[in-house]
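# Structural overview
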4 protein chains.
Amino acid sequence: MSVNKVILVGNVGKDPEVKYLDNGVAVCNFSLATSETYNNKNGEKVTQTEWHNIVFWRKLAEIAETYVKKGMQIYVEGQLRTRNWEDKDGVKRYTTEIFGTSMQMLGRKADNNSEPQTNPEVAQHTVADSTEAEETDDLPF
Amino acid sequence: MSVNKVILVGNVGKDPEVKYLDNGVAVCNFSLATSETYNNKNGEKVTQTEWHNIVFWRKLAEIAETYVKKGMQIYVEGQLRTRNWEDKDGVKRYTTEIFGTSMQMLGRKADNNSEPQTNPEVAQHTVADSTEAEETDDLPF
Amino acid sequence: MSVNKVILVGNVGKDPEVKYLDNGVAVCNFSLATSETYNNKNGEKVTQTEWHNIVFWRKLAEIAETYVKKGMQIYVEGQLRTRNWEDKDGVKRYTTEIFGTSMQMLGRKADNNSEPQTNPEVAQHTVADSTEAEETDDLPF
Amino acid sequence: MSVNKVILVGNVGKDPEVKYLDNGVAVCNFSLATSETYNNKNGEKVTQTEWHNIVFWRKLAEIAETYVKKGMQIYVEGQLRTRNWEDKDGVKRYTTEIFGTSMQMLGRKADNNSEPQTNPEVAQHTVADSTEAEETDDLPF
DNA sequence: TTTT
DNA sequence: TTTT
């Protein structure tokens, strides 16, 4: 009975960091900047940047490890998740992350990769963190 | 390299129609109304209603067949698809549909079902038209 | 060059708290719960709830003050904003909020208000935190 | 009590066509392609392209006229609207359009404009079809 | 820490 | 054809 959806288009702050759990599952973290520019009451242009903590798991994490680079403009769809943890003084702290479920690299191919792409399928289409029911070809849609 | 996403909250116009293909796959069609009210230049309140053709396949179609009823307020997420077909005069015609990928029944339980719900899990949570990678319990998220 | 969008459908955790700035501007805060249920690896049903900090300003805040109540199911559209502040030990802390730009009360009227509505126009249509260019009636759309 | 939202990232099919009504209001039409690639049951890669009819009004139309070009990758947010009209045989026909409310040009500047941009503010930030309440600088958000 |  |  609920919807928890985030849609972002922004620029990657740093090359993603990927680590692998003991069971081989990949987890990828990086931050994504979205910016808004407006004129303040003095007529000066002000840019306000938001930094979003993105987390990808499994296949999305592996793809991000290979293809996502600092500075790229990407589309991310995901869910909000607020984790809590204890800081060094034992105080409960909260961090809000975007648990990514889908990702797109935007702009032209030449933008995103200086080298020729060896796996264009992966790089150029939406990648979703799920085993989507593959549409079979014999259905009329 | 693209995103095609529709998000609707509206009211179901009629009980969904479901048919089953020879291979047992369910297909469900119904229309969903979204309305906007505004004041025109004469200060009169005007309501403008849009009717959306919704199509669900497989499990989503089966769930809609069982639980979705005329008048219900639901959330639908999906993609735009424009089909073409020939009318009786052989003229090519186009129909735009929302290929639903996720659905929610909104409002309280009592709103949506006069009878007690025998399968609350199905009725009260998001249902997606995909075999989502079930989150396993041994992962720290 | 960026998009920062959040779409939530959830239940209001408490009656909204509204305060008015010296210039008369209303600010409204409340938390909104979204829940997901899944089966863990032992086959047990587990519900995971996320709490979102919602902030409304101006007209949206005033409408929320009047109509939004604990328990209601609402739709919220907005942007992610992470504020930083100093805790009592002078440590920089971060809080992520949803700066709401649009809101809808869902479900039937009877769900959302025990008393008769004195201002149904306000309560029953989308309210956006902007002075939208009102569509004039003489345009063909 | 409803939500009617479309979010697209795709490529512009042709340079937008803009016309001006007698009252000076600009209306802009163009089509936007979104594509999906999947493997069919024979393991062949199939690309399915959807064409969306986009309509912009007023300022968005004027900006599109100046900056949006065939081939560009853009983000469009809007609403679904189905118009009906009579074809030459007097038959009622339907056309579904996306009434755009917000637009972004994606990718690097060099992607989208071969010439230097004379109005970077307009071209590089989100443009919404509304007179948004300008955030004033004296509010703490 | 990004981008324009 | 819905809903308020």
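Residues numbered from 1 in each chain as written. Chains lettered and ligands numbered in written order. Predicted model: local features only at pLDDT ≥ 70, side-chain atom pairs only at ≥ 80, totals over all residues. Heavy atoms only, no water.

## As for the overall build of chain A
As a reminder, the rule being used: Only DSSP runs of H or I covering at least 4 residues are called helices, and only runs of E covering at least 2 are called strands; the numbering of each starts at the N terminus. The cut-offs for exposure are 20% and 50% of the maximum accessible area for each residue type, with area from a 1.4 Å probe on protein chains only; residues under the lower value are buried, those over the upper are exposed, and the others partly exposed. The contact criterion used is simple: two residues touch if any of their non-hydrogen atoms lie within 4.5 Å. Only the protein chains shown count as cover for residues, and all accessible areas are computed by the Shrake-Rupley method using a 1.4 Å probe.
Scanning chain A from terminus to terminus reveals three helices and seven strands. Its helices and strands in sequence order give chain A the pattern β-β-β-β-α-β-β-α-α-β, from N to C terminus. Put simply, chain A has 141 residues, and 48% of those count as buried. When contacts within chain A are restricted to residue pairs at least 6 apart in sequence, those whose partners lie at least 24 apart make up 56%. Carbon and sulfur atoms make up 46% of the accessible area of chain A, which amounts to about 7000 Å² in all.

## Overview of the pattern of salt bridges
Residues and elements named next belong to chain A. Inclusion rule: By definition here, a salt bridge exists when the distance from a side-chain nitrogen of Lys or Arg to a carboxyl oxygen of Asp or Glu is within 4 Å.
Tallied over the full model, the rule gives 20 salt bridges over all chains. Between Glu77 and Lys5 there is a salt bridge; the shortest N-O distance is 2.7 Å. Taken together, the positions of Glu77 in strand β5 (residues 73-86) and Lys5 in strand β1 (residues 3-12) put the pair 72 residues apart, joining distant regions of the chain. The pair formed by Glu77 and Lys5 is uniform in burial state, with each residue classed as buried. Across the pair Arg83 and Glu97 runs a salt bridge, and its minimum N-O distance is 2.9 Å. Pair noted here: Arg83 is in strand β5 and Glu97 is in strand β6 (residues 92-105), with a separation of 14 residues, a long-range link.

## Quick word on unusual backbone geometry
Unusually for a residue other than glycine, B:Arg58 sits at a positive phi of about 55°. With respect to the element layout, B:Arg58 can be found in helix α1 (residues 58-67).

## Quick notes on the packing of aromatic side chains
All names here are of chain A. How we decide: Here the aromatic set is Phe, Tyr and Trp, taking the six-membered ring for Trp, and pairing holds for ring centres within 6.5 Å; pairs whose planes are under 30 degrees apart are stacked, those over 60 apart are edge-to-face, and all others are tilted. Only lysine NZ and arginine CZ atoms are considered, and such an atom sits over a ring when it is within 6 Å of the ring centre and within 35 degrees of the ring normal.
Tallied over the full model, the rule gives four aromatic pairs over all chains. Plain terms: the ring middles of Phe30 and Phe56 are 5.4 Å apart, the flat faces sit at 70° to each other, and that makes the pair edge-to-face. Separated by 26 residues along the polypeptide, Phe30 in strand β3 (residues 26-39) and Phe56 in strand β4 (residues 45-57) bring together distant segments of the chain. For Phe56, a relative accessible area of 0% gives the class buried. The side chain of Arg81 reaches across the aromatic face of Phe99, ending 3.8 Å from its centre.

## Considering the confidence of the model for chain A
All names here are of chain A. Heads up, the condition is: A score between 0 and 100, pLDDT records how confident the predictor is in each residue.
Put simply, chain A has an average pLDDT of 82, and 76% of its residues get 70 or more. Here helix α3 (residues 120-124) is the element of chain A with the lowest mean pLDDT, 37, and β1 is the one with the highest, 98. Taken together, the stretch residues 109-125 has pLDDT below 50 and engages in 27 contacts with residues farther than four places along the chain or on a different chain. Taken as a whole, residues 130-141 scores under 50 in pLDDT and shows 30 contacts with residues more than four places along the chain or in a different chain.

## A look at the environment of A:Asn29
Residue and element names in this part refer to chain A. Mapped onto the elements, Asn29 comes out in strand β3. In sequence terms Asn29 and Asp15 are 14 residues apart; their C-alpha atoms lie 9.2 Å from each other. Not counting the four nearest positions on each side in its chain, Asn29 is found in contact with Pro16, Glu17, Lys19, Ile54, Val55 and Glu97.

## Describing the pairing of strand β5 (residues 73-86) of chain B
Residues and elements named next belong to chain B. Note the cut-off: Here, any two strands with at least 2 DSSP bridges between them count as paired.
As judged from the six bridges shared by strand β1 (residues 3-12) and β5, these two strands associate in the antiparallel manner. Each residue of the ladder has a partner; that of Ile7, found in β5, is Glu77. The pairing of β5 with strand β6 (residues 92-105) spans 13 bridges and is classified as antiparallel. Residue pairing for β6: Ile74 is matched across the bridge by Met105. Counting the residues in the hairpin turn of β5 and β6 gives five residues, including Gly90, whose phi is positive at 80°.

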